[in-house]
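What follows is the residue order along each chain.
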Amino acid sequence: MKTIDLSIIKNEEHTLTRDEAISILKLPEEHLDELIEAAFFLRRKYKGNKVSIQLLTNVRSGNCSQDCAYCAQSCRSTADIKKYLKISDERLFSDDKLVHDKPLSRHCIGLSGISFTDDEIADLARSISDMKKSGTQICCSIGFLTEKQALMLKEAGLDRINHNLNSSRSFYPNICTTHTYDSRINNIRMLKRIGFEICCGGIIGMGESEEDVADMLIDIREISPESVPINFLLPIKGTKLENRDTSSLTFAYCTKVLALARLMLPHSDIRCAAGREVYFKNNEETLFKIVDSIFAAGYLTENGQGIDDTLTLIKRLGYTGEIESRT
Ligand code: SF4
């Protein structure tokens, strides 16, 4: 494969090909600064100096029937996590209040599991409808919905649904055998048709190749989601990937992945999700030249940096929090 001509990445009219995307992921480190500056140009052009900060509440935890290799909530996982069917309303609404009080950008609510009864969705819809009364922007990370269930959540005012592709189509059977990549694509298509905003990203560091990362981002580009969360694997004890070697997740490689996401989806929110505090520790200045979205605290079963620390950090670096939820 030829080395990429970096003048291409400055041309916004140009749609990056698969080979070019792979070349960016394999870019020699002496060209890293040039790549970061190209990503920074797009970040500034489309996102200004805003950082969208999301608060994540794990509404349902554990006991999932699926075998996703990275996930502490999977049926194969022996990770020591709290398991519950629905978090207390008290906790859910106090988290929602935090989104307004800080203020943050969006409340993300995650539910473990792949399918839900209509009664469970009706109950969730009631909670969403109550939170929407104060104007919170809400994104729900949830398994596969029937069209009827998706419409129930739409009716309740849910703004956005997160459904990640996680990896490429060809690598997917290595990380999950209980559902298919195409079932994810079909679910996202149905949600888009109904009119939801889409949040769709993936996980880096599970043993996939640069080609897999490029293929995943090409499929995400096709979906054109409002938000693209990129997670860097934090191996969790008790999961299939607990001993996964993450030495390939260097600062340079993680930066190239995020920059490629920015170049391929310049209008989308690019979020550095799980792994930010590990793989970008002390490199936040570079990180925010590329991404415009982060989680404030907590990634489901792994703890994240505290909310106040996050707000202080982005202010110190000259950014302002984007307030999407009305106070
Ligand atoms: S990622 Fe989702 S579907 Fe997969 S095991 Fe975890 S909770 Fe279940």
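Fair warning: this is a prediction, and the values are worked out from it, not measured in the lab.

(A) Summary view of the overall build of the chain. Looking only at helices and strands, the chain has 12 helices and 10 strands in total. In terms of overall dimensions, the chain is globule-like: its C-alpha atoms have a radius of gyration of 19 Å, near the 20 Å expected for 327 residues. Dimensions of the chain along its principal axes, counting C-alpha atoms only, are 55 × 40 × 35 Å. Within the chain, buried positions represent 57% of all 327 residues. Summed over its atoms, the accessible surface of the chain is roughly 14200 Å², and 47% of this surface lies on carbon and sulfur atoms.

(B) Looking closely at the site of the ligand. Surrounding the ligand, one finds C64, Q66, C68, Y70, C71, S74, S112, G113 and I114. For the shell around the ligand, the class distribution of residues is five nonpolar, four polar and no charged.

(C) Broad picture of the pattern of salt bridges. Taken as a whole and assessed by the stated rule, the structure comprises 21 salt bridges. The shortest N-O distance in the salt bridge between K86 and D123 comes to 3.3 Å. Linking K86 in the loop between β1 (50–60) and α3 (89–101) with D123 in helix α4 (residues 118–132), this pair joins segments that are 37 residues apart in sequence. Looking at D123, the relative accessible area reads 29%, which means it is partly exposed. Linked through salt bridges whose partners overlap, the residues forming this network are K86, D89, D123 and R126.

(D) Representation of unusual backbone geometry within the structure. Along the chain, K102 connects to P103 via a cis peptide bond; the corresponding omega equals -10 degrees. Tracing the sequence through the fold places P103 in the loop between α3 and β2 (106–111). Residue N63 is not a glycine yet carries a positive backbone phi of 60 degrees. Position of N63 relative to the elements: it lies in the loop between β1 and α3. At S224, a position not held by glycine, the phi torsion is positive, near 55 degrees. In this fold, S224 is placed in the loop between α8 (210–223) and β7 (227–232).

(E) Up close: the nonpolar core. Counting 99 residues, the largest nonpolar core has F232 and L258 as its most contacted members. The element contributing the most residues to this core is helix α9 (residues 251–264), with 10 residues. Contacts of L258, omitting those with residues within four sequence positions, involve I230, F232, I270, C272, F280, L287, I290 and V291. In this structure, L56, C108, C139 and C199 belong to the second largest nonpolar core, which totals six residues.

(F) Quick look at the packing of α8 against α9. α9 packs onto α8 with a crossing angle of 25 degrees between their chain directions and a minimal axis gap of 10 Å. Taken together, the axes of α8 and α9 lie roughly parallel to each other. Of the two possible hands of crossing, α8 and α9 adopt the one that is right-handed. Between α8 and α9, the contacting residues are E210, V213, L217, I218 and R221 on the first element and Y253, V257, L260, A261 and M264 on the second. When grouped by side-chain class, the residues that make up the contact of α8 with α9 number eight nonpolar, no polar and two charged.

(G) Examining the confidence of the model for the chain more closely. A residue-level look at the chain finds 95% of positions with pLDDT of 70 or above and a mean pLDDT of 92. In this model residues 298–304 is a low-confidence stretch, pLDDT under 50, and it forms 20 contacts with partners more than four residues away in sequence or in other chains.

Parameters at a glance
Residues numbered from 1 in each chain as written. Predicted model: local features only at pLDDT ≥ 70, side-chain atom pairs only at ≥ 80, totals over all residues. Heavy atoms only, no water. Helix = DSSP H or I, 4+ residues; strand = E, 2+ residues; numbered from the N terminus. Rg over C-alpha atoms; globule rule 2.2 N^0.38 Å. Buried < 20%, exposed > 50% of the residue type's maximum accessible area, 1.4 Å probe, protein only. Areas by Shrake-Rupley, 256 points an atom, 1.4 Å probe, with all protein chains shown as cover. Near = heavy atom within 4 Å. Nonpolar A, V, L, I, M, F, W, Y, C, P; charged D, E, K, R; others polar. Salt bridge = Lys/Arg side-chain N within 4 Å of Asp/Glu carboxyl O. Core = buried A, V, L, I, M, F, W, Y, C linked by side-chain atoms within 4.5 Å. Contact = heavy atoms within 4.5 Å. Axes fitted to C-alpha atoms, helices over the stretch in contact; angles between N-to-C directions. Parallel < 35°, antiparallel > 145°, perpendicular 65-115°, else oblique. Left-handed = near helix turned anticlockwise from the far one by under 90°. pLDDT = per-residue confidence, 0-100.

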